[in-house]
Amino acid sequence: MRIDPGSDALLVVDLQHDFLPGGALGVAEGDRIVEPLARLAPAFSTVVATQDWHPPGHVSFASTHPGREPYASIALSQGPQELWPDHCVRGTRGAALHPALPDAAVTLVLRKGTRREVDSYSAFRENVGPDGRRPSTGLGAWLSARGVRRLFLGGLARDFCVRVSAVDAAVEGFEVVVLDDLTRAVFPERRDEVDRELAAAGARLAVSQDLIR
Ligand SMILES: [Zn+2]
């Protein structure tokens, strides 16, 4: 698979300290993908890095809901919400992008989950919206305006923000390739379920070694 600088883009999902081992919501082996992603990024002329960027008291924090524990799900009036440890609080070190990702290679940093009352796993749409429609981040239109037609994804976590971003990218009409070796999951044991969802959306899996720069 040859990278076409004109029509290909790389989406680096949430490569932030809090999602790496030792972080507030550390994903096992998340550190293993940092250097390979950092080396790959300069091969693309469009690189979008998403950054989970929550205000204190965010709806996704278990601590916001008295008596609730992280890694569980609750029913809110707007729909189900997974609960997490406090993570990626805006402006903290945990929320910073990993410095190995070369700043010069990143075209756009897209911050998400910035509103207290709504979570956003996807780079393209918030998780829920007032009338059942998920508000757009504008990323799809931005990529299209730059002539991007195919999107490669890597980052964290495979089963949440990478999964939903990949599905939404396919819905937006992009050809989608998830770089399997450049992702890690919170719940690796649920891999089959995630892969079925990706396949149903039309997202392909590939490994970064197959990319020709
Ligand atoms: Zn978050």
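How each quantity is defined
Residues numbered from 1 in each chain as written. Predicted model: local features only at pLDDT ≥ 70, side-chain atom pairs only at ≥ 80, totals over all residues. Heavy atoms only, no water. UniProt positions renumbered as here; feature names shortened; annotations may be inferred. Pairing = 2+ DSSP bridges. Helix = DSSP H or I, 4+ residues; strand = E, 2+ residues; numbered from the N terminus. Axes fitted to C-alpha atoms, helices over the stretch in contact; angles between N-to-C directions. Contact = heavy atoms within 4.5 Å. Salt bridge = Lys/Arg side-chain N within 4 Å of Asp/Glu carboxyl O. Buried < 20%, exposed > 50% of the residue type's maximum accessible area, 1.4 Å probe, protein only. Donors = N, O, S within 2.8 Å, 3.2 Å for Na, K, Ca; no water. Right-handed = clockwise from strand over helix to strand, strands pointing away. Arc of directions from axis to C-beta.

- Named according to an unreviewed UniProt entry, the protein chain is nicotinamidase originating from Anaeromyxobacter dehalogenans.
- Turning to the protein chain, the UniProt record has this under Pathway (unreviewed entry): "Cofactor biosynthesis; nicotinate biosynthesis; nicotinate from nicotinamide: step 1/1."
- As recorded by UniProt, the Sequence similarities (unreviewed entry) comment attached to the protein chain reads in full: "Belongs to the isochorismatase family."

1. A short note on the sheet that holds strand β5 (residues 108–112)
Here's step 1: Read across the sheet, six strands follow the order β5-β2-β1-β6-β7-β8 without closing on themselves; strand pairing throughout is parallel. One side of each edge strand has no neighbouring strand; the edge strands of this open sheet are β5 and β8 (204–206). Each strand of the sheet is rotated relative to its neighbour by a mean of 25°, with strand direction disregarded.
Here's step 2: Where strand β1 (residues 8–13) and strand β2 (residues 47–52) come together, three bridges link them in parallel fashion. Residue pairing across strands places L10 opposite V47, the latter belonging to β2.
Here's step 3: The strands that helix α3 (residues 158–171) touches are β1, β5, β6 (150–156), β7 (175–184) and β8; relative to β6, the one it contacts most, it runs at about 170°.

2. Topic: the pattern of salt bridges
Here's step 1: The final tally for this structure, using the stated rule, is 15 salt bridges.
Here's step 2: Of the charged contacts in the structure, one is a salt bridge between D14 and K112, with a shortest N-O distance of 2.9 Å. Here the residue D14 occupies a position in the loop between β1 and α1 (34–40), and K112 occupies one in strand β5, the gap between them amounting to 98 residues. There is no split in this pair, since D14 and K112 are both buried.
Here's step 3: Its salt-bridge partner being R191, residue D180 comes within 2.6 Å of it at the nearest N-O pair. Here the residue D180 occupies a position in strand β7, and R191 occupies one in helix α4 (residues 191–201), the gap between them amounting to 11 residues.

3. Comments concerning the coordination of the zinc ion
Here's step 1: At 1.9 to 2.1 Å from the zinc ion lie its protein donor atoms, namely D52 (OD), H54 (NE2) and H87 (NE2).
Here's step 2: Mapped onto the sequence, the donors of the zinc ion take the spacing D-x1-H-x32-H. Highlighted residues: D52 in strand β2 and H87 in the loop between β4 (79–82) and β5, separated in sequence by 35 residues. For the pair D52 and H87, one class covers both residues: buried.

4. Let's talk about the pairing of β1
Here's step 1: Among the six residues that make up β1, six are buried, leaving the element largely enclosed by the rest of the structure.
Here's step 2: Two strands pair when backbone bridges link them, and β1 and β6 are joined in this way by six bridges, in the parallel orientation. Opposite V13, over in β6, you have G155 as the bridge partner.
Here's step 3: Of the crossover connections in this fold, the one passing from β1 over α1 to the parallel β2 is right-handed.

5. Re α4
For the α-helix, the turn length of 3.6 residues means that residues three or four positions removed from each other point alike.
Here's step 1: Taken together, the buried positions of α4 are V194, D195 and L198. Projection of α4 onto a plane perpendicular to its axis shows the buried side chains occupying an angular sector of 95°, all on one side. Set apart from the buried face of α4 by more than 90 degrees, the exposed residues are D192, E193, R196 and A200.
Here's step 2: Those residues of α4 that are buried are in contact with α3, β7 and β8.
Here's step 3: G202 lies just past α4 and shows a positive phi near 95°.

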